[in-house]
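Structural characterization, general
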Amino acid sequence: MIVDAHAHLFPPAQARAREAIAARDAGFAAIYASPRADMAGAPELLAALRADGVDLAVALGFAFAAARDLAEQNEYLLAAAAEAPAAIAPFATVNPALRGWEREARRALAAGARGFGELRPGDQGWDPLGAEGRRLAALAGDAGAALLWHASEPVGHAYPGKAGGLSPTQLIEVAAAAPAVAMVGAHLGAGASFYLAMPEVRGAVPNLLFDTAAASLLYEPASVARLVEAAGRDRVLFGSDFPLRRPGAELRRALAGLDAEAAAAVSGGNARALLLRDRR
Ligand SMILES: [Zn+2]
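1. Regarding the overall build of the chain
- Helix and strand content of the chain: 14 helices and eight strands.
- Taken over the C-alpha atoms alone, the chain extends approximately 45 × 45 × 40 Å along its principal axes.
- The burial tally for the chain puts 50% of its 280 residues in the buried class.
- In the chain, once contacts between residues fewer than 6 apart in sequence are set aside, the share between residues at least 24 apart is 75%.

2. Quick word on the pairing of strand β2 (residues 56-60)
- Judged by how many residues are buried, β2 sits mostly within the fold: five of five residues are covered.
- A two-sided burial pattern is seen for β2, the buried positions comprising L56, V58 and L60 on one face and A57 and A59 on the other.
- Pairing of strand β1 (residues 3-8) with β2, which is carried by four bridges, proceeds in the parallel orientation. Of the residues in β2, the one forming a bridge with V3 is L56.

3. Let's talk about the packing of helix α13 (residues 247-255) against helix α14 (residues 260-275)
- Relative to each other, α13 and α14 sit at 150 degrees, their axes nearing to 10 Å. Relative to α14, α13 is oriented roughly antiparallel. Handedness of the α13/α14 crossing: right-handed. Listed contacts from α14 to L251, A254 and L255 of α13 are A263, V266 and S267.
- Partitioned by chemical class, the residues of the contact of α13 with α14 number five nonpolar, one polar and no charged.

4. Observations regarding the sheet that holds strand β5 (residues 146-149)
- In space, the five strands of this open sheet follow the order β4-β5-β6-β7-β8, with parallel pairing throughout. The open sheet has two free edges, formed respectively by β4 (115-119) and β8 (236-237), since each of these has just one partner strand.
- One ladder, built from two bridges, connects strand β7 (residues 208-211) with β8; its direction is parallel. Within β8, the position partnered with F210 by the bridge is V236.
- In the packing of helix α8 (residues 131-143) onto the sheet, the strands contacted are β4 and β5, and the crossing angle to β5 comes to about 135 degrees.

5. Concerning the pairing of β7
- Of the two faces of β7, both are covered, the one formed by L208 and F210 as well as the one formed by L209 and D211.
- Bridging between strand β6 (residues 183-185) and β7 involves three bridges; their strand directions are parallel. Counterpart to V184 in the pairing with β7 is L209.
- Handedness of the β-α-β unit built from β6, helix α10 (residues 199-204) and β7 comes out right-handed.

6. Topic: the sheet that holds strand β3 (residues 88-90)
- If you trace the three strands from one edge of the open sheet to the other, you get β1-β2-β3, paired in parallel fashion. Across the chains shown, the open sheet's two edge strands, defined by having one partner strand only, are β1 and β3. The mean angle between the axes of side-by-side strands here comes to 30 degrees, regardless of whether they run parallel or antiparallel.
- Contacts from α14 reach β1 and β2, with the element oriented near 75 degrees to β1.

Parameters and conventions
- Residues numbered from 1 in each chain as written.
- Predicted model: local features only at pLDDT ≥ 70, side-chain atom pairs only at ≥ 80, totals over all residues.
- Helix = DSSP H or I, 4+ residues; strand = E, 2+ residues; numbered from the N terminus.
- Buried ≥ 20, exposed ≤ 12 C-beta atoms within 10 Å, placed from the backbone.
- Contact = placed C-beta atoms within 7 Å.
- Pairing = 2+ DSSP bridges.
- Axes fitted to C-alpha atoms, helices over the stretch in contact; angles between N-to-C directions.
- Parallel < 35°, antiparallel > 145°, perpendicular 65-115°, else oblique.
- Left-handed = near helix turned anticlockwise from the far one by under 90°.
- Nonpolar A, V, L, I, M, F, W, Y, C, P; charged D, E, K, R; others polar.
- Right-handed = clockwise from strand over helix to strand, strands pointing away.

Quick look at the structure:
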């Protein structure tokens, strides 16, 4: 079973309203103000999965600032997953800087959300190592849900949405603060895997996973094989960042250079066991 652990969905109404949303949400505007930034709905995602031979996608939300935008997107992702439960596993997004955010988080979990993300605390203005971050981790831990963080490389070229996620240091600190909660550092964790070579760091973050979303836009082809070597094959999840990248092409590139066992783990085994805690 092939799992794309990092895909994005928006309700068609938000795609149509992108200009209005961009005018009131700076984090959203940084990525989606440009009409060239695709915003896909469930039919597009399902068609891409079928065409590319991917069985299931983890559908992530965008870290909007406002409660109504978050609720509208969560509603859509949860409904899309309810209609296609074999192909879509929904994550919800919340803004822990808002009063009452825990109500929306619990509602989403009750409606089937398997985790929270893609989280961008820098855009929303809350501290992932502060009180909000602790409450979010506790809430996810109680529900057996995962947290997926945008990770921001401290070096390299600029791109829309680069900032706003966790630095590699923060990613390790956040994971170490709640080691029972599955955490994913998106985009190869912005390089955090290097520090797993330090025994005390590796021991402090047994819960820390890495996805390969948009690797082809950031890193040379051998980077995923190197990540598997550095982090271990049980910590790496294939993700595409659809619709920014096509799942099929990203998958082929991610698996190049992996042996059969590592390829099976990265292309779906880890996502089912660690991220979705799949009981199917
Ligand atoms: Zn991201």
